[in-house]
Structures are given as C-alpha cells and as structure tokens.
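Coordinates in review
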Amino acid sequence: MGGTAAKKEKEKKKAKNKQDKAQKMKERKANNTKGKSLEEMMAYVDEDGNLSPTPPDPRKKKEISLEDIQLGVPSIVDEPEEAVKTGVINFFNEAKGYGFITDSKGVNVFVHVNDLRQPVAENDKVSFETERSPKGLRALNVTKI
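In this report, we go over the structure that sits alongside the text. (Residues numbered from 1 in each chain as written. Predicted model: local features only at pLDDT ≥ 70, side-chain atom pairs only at ≥ 80, totals over all residues. Heavy atoms only, no water.)

Moving on, we get to the overall build of the chain. Regarding its fold elements, the chain presents 2 helices and 7 strands. In the chain, the order of α-helices and β-strands from amino to carboxyl end is α-α-β-β-β-β-β-β-β. Here the C-alpha atoms of the chain give a radius of gyration of 36 Å, more than 25% beyond the 15 Å that 2.2 N^0.38 yields for 145 residues. Structurally, the chain occupies a C-alpha span of about 100 × 65 × 20 Å along its principal axes. Here the chain holds 145 residues, and the buried ones make up 15% of them. Taking as baseline every contact in the chain between residues at least 6 positions apart, the subset at least 24 positions apart corresponds to 44%. Carbon and sulfur atoms provide 54% of the accessible area of the chain, an area that totals close to 12,500 Å². Positive and negative side-chain charges in the chain, numbering 28 and 24 respectively, have mean positions lying 20 Å apart. (Helix = DSSP H or I, 4+ residues; strand = E, 2+ residues; numbered from the N terminus. Rg over C-alpha atoms; globule rule 2.2 N^0.38 Å. Buried < 20%, exposed > 50% of the residue type's maximum accessible area, 1.4 Å probe, protein only. Contact = heavy atoms within 4.5 Å. Areas by Shrake-Rupley, 256 points an atom, 1.4 Å probe, with all protein chains shown as cover. Lys, Arg positive; Asp, Glu negative; His and termini not counted. Charge placed at Lys NZ, Arg CZ, Asp CG, Glu CD.)

Right, here's the structure in full:
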C-alpha cells in the first residue's frame, strides 16, 4: 500500500521539475539576445582604454608611428661603463661562498668566492669589474680598497 504513495510523490516531483524547466525556458526566450543588430552588440574602446557603448570621438584620435611600437622583450642596451667599479659588500655567506655587492649607483651585483682576490667580509669597501651572466650582473676580480 505504501508503494502507491511513493509513486504519487515521484510523479509530483516529475511534474514540478517539468514546470520548472518550462519556466526557465520562458525566461531564456524572454532574455534572448539573438537577432540583435550589429550596432546593439558593438562595444568600443575610448581614448583611455575603457569599454564604452558609444564610438570614440575621432577628434581625440592619437597618431602613433610604427617605430614607437615595440614587439617582444626590449633589448638590453649596454651603455659604456667604467671598467673598475667600487661598492660595499652588503651580504656575504662564507659557508656557501657567495654574496652581494652594492655598487656606487645602488645596484646589487652577485659575487662568488672564486672571483675574490682576497677574503672579504660584510661592509668591506671593494673594487671590482662586472660581467653580464644569464642571471644578472656578476662581480669579477674583487679586491678590498
């Protein structure tokens, strides 16, 4: 006898789901964006780079020369530098054998124990040469001043 009550309950759920589905379909049809004109679907970018529903003012148009457009990563321009630089050892780990020198321009340069001409410690003033390595600047021929 309990089976018929469960069957009726199942049919009620089915009918409710069918009604919900029909309601959702009506909402989708009411909010349908298909068939809009091209002009209604267009979005523009204003002179500040923001999206806008109106076309930009042609009087505010900026001309950009092709030479000013740079694609890819900018190349590193090697400016002529003095051969021997000076700086201060701001960190040196003797156990690991490396540290960093802050040069007179405030740039940190990596230094390895193999590039030292004599032992150094933190806060020592040093002179050195640099070379560009894959990871950045590297100090060579480091000597205390």
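Attention shifts here to the side chain of S52. Considering the arrangement of structural elements, one finds S52 in strand β2 (residues 51-52). Judged by its relative accessible area of 16%, S52 is buried. Here T54 takes part through its side chain, which lies 3.1 Å from a polar atom of the side chain of S52. (Polar contact = N/O pair within 3.5 Å; in protein donor to acceptor, adjacent residues only side chain to side chain.)

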